[in-house]
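Examination of the molecular architecture
Spelled out from the first residue to the last, the chains are:
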Amino acid sequence: MAFWKNLNFTLKRKPNNPTEFVQRFIHDCKKSRVQLEIIREDQVLLQVDSLRYTPSWFKIFKIDQEEFKNGYAIFFIIDQEELEKNRKYIELKKSDLELLEHDEMFENTPIKTFVKFIKQTNDPIKLGLEMKNIINVIFKTNEKDPQALFNLRYLDVRG
């Protein structure tokens, strides 16, 4: 049965809904470096990175590599300029959401990365709910069904 499921995944060109995107991400990131992006109104809301191919996450945040080696980093980035006025930052600080933070520079711009580490899972619903929890806190919307685009970025890990 697993063979047919994997064959179906390989033959299927494009996921049709958010759960299928997350499922494809989980499947594909076991073989290569893939990032899942959620985009709304030309803005990347959230990204998910597999920890299997990005050991730099372990160095930056000093998390247990054994515990999270096949897990995921769910993250978003905020420009630090006028951080205290940033709506996403304000919503995050009002919430009880626990995310790790890291200050860094991107080109000449100071940025702040917020991340939540998730242990390995093959359940797209579980990973999707973790993503949704962050989005619901940070990106409040009045719309009943806000539209978002899901994108899988395949990254080359060779130097």
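Counting starts from 1 at the beginning of each chain's written sequence and moves along it residue by residue. Given that the model is predicted, a residue must reach a pLDDT of at least 70 before its local features are reported, and side-chain atom pairs must reach 80 or more before they are shown or counted; all residues, however, enter totals for whole chains, interfaces and linings. As a rule here, side-chain values come from all non-hydrogen atoms in the structure, and water together with hydrogens is ignored.

Another point: the overall build of the protein chain. Helix and strand assignments come from DSSP, with helices taken as H or I runs of at least 4 residues and strands as E runs of at least 2, each series counted from the N terminus. The helix and strand inventory of the protein chain stands at six helices and six strands. Ordering the α and β elements of the protein chain from the N terminus gives α-α-β-β-α-α-β-α-β-β-α-β. Classification of residues uses two cut-offs on accessible area relative to the type maximum, computed with a 1.4 Å probe and protein chains only: under 20% is buried, over 50% is exposed, and between them is partly exposed. Within the protein chain, the fraction of its 159 residues that count as buried is 40%. In the protein chain, 61% of the contacts between residues at least 6 apart in sequence involve partners at least 24 apart. We call two residues contacting when some pair of their heavy atoms lies within 4.5 Å.

Below, the discussion takes up the nonpolar core. Core analysis: the biggest nonpolar cluster contains 30 residues, and Phe25, Leu46, Phe76, Leu127 and Met131 have the highest contact counts within it. Breaking this core down by element, the ones donating at least two residues are helix H2 (18–28), strand S1 (33–40), strand S2 (43–50), strand S3 (72–79), helix H5 (87–94), strand S5 (109–118) and helix H6 (124–138). Top element by residues in this core is H6. It accounts for six residues. Excluding residues that lie within four positions of it along the chain, leucine 46 makes contacts with Leu36, Glu37, Ile38, Ile74, Phe75, Phe76, Met131, Ile134 and Ile135. Phe61, Ala73, Phe75 and Phe117 belong to the second-largest nonpolar core, a separate cluster that totals ten residues. Buried residues of nine kinds, namely Ala, Val, Leu, Ile, Met, Phe, Trp, Tyr and Cys, make up a nonpolar core once their side-chain atoms join them within 4.5 Å.

Turning our eyes to something else, we now look at the packing of aromatic side chains. Two aromatic rings, drawn from Phe, Tyr or Trp (for Trp, its six-membered ring), form a pair once their centres lie within 6.5 Å of each other, and the interplanar angle then sorts them: stacked below 30 degrees, edge-to-face above 60, tilted otherwise. Summed over all chains, the structure comprises ten aromatic pairs. Both rings, one in phenylalanine 76 and one in phenylalanine 114, keep their centres 5.2 Å apart while their planes meet at 20°; by these two values the pair is stacked. Of the two residues, phenylalanine 76 sits in strand S3 while phenylalanine 114 sits in strand S5, which places them 38 residues apart along the sequence. We classify phenylalanine 76 as buried; its relative accessible area is 3%. Ring geometry for phenylalanine 76 versus phenylalanine 139: centroids 6.1 Å apart, planes at 70°, classification edge-to-face. With a gap of 63 residues between them, phenylalanine 76 in strand S3 and phenylalanine 139 in the loop between H6 and strand S6 (149–155) connect regions that are remote in the sequence. The exposure classification of phenylalanine 76 matches that of phenylalanine 139, with both residues buried. Among the aromatic residues, ring-to-ring pairing joins Trp57, Phe61, Phe68, Phe75 and Phe117 into one connected group.

Here, a salt bridge means any side-chain nitrogen of Lys or Arg that lies within 4 Å of a carboxyl oxygen of Asp or Glu. Taken as a whole, this structure holds ten salt bridges when the rule is applied. Among the salt bridges present, the one from glutamate 41 reaches arginine 40, with a minimum N-O distance of 3.9 Å. Judged by relative accessible area, glutamate 41 falls into the exposed class, the value being 67%. Owing to a relative accessible area of 17%, arginine 40 belongs among the buried residues under this scheme. With its nearest N and O atoms 3.4 Å apart, the salt bridge here joins lysine 94 to glutamate 91. Here glutamate 91 and lysine 94 lie together in helix H5, a separation of three residues that amounts to about one turn. Residue lysine 94 is classed as exposed on the basis of its relative accessible area of 61%. Taken together, the shared-partner salt bridges connect Lys93, Glu101, Asp103 and Lys112 into one network.

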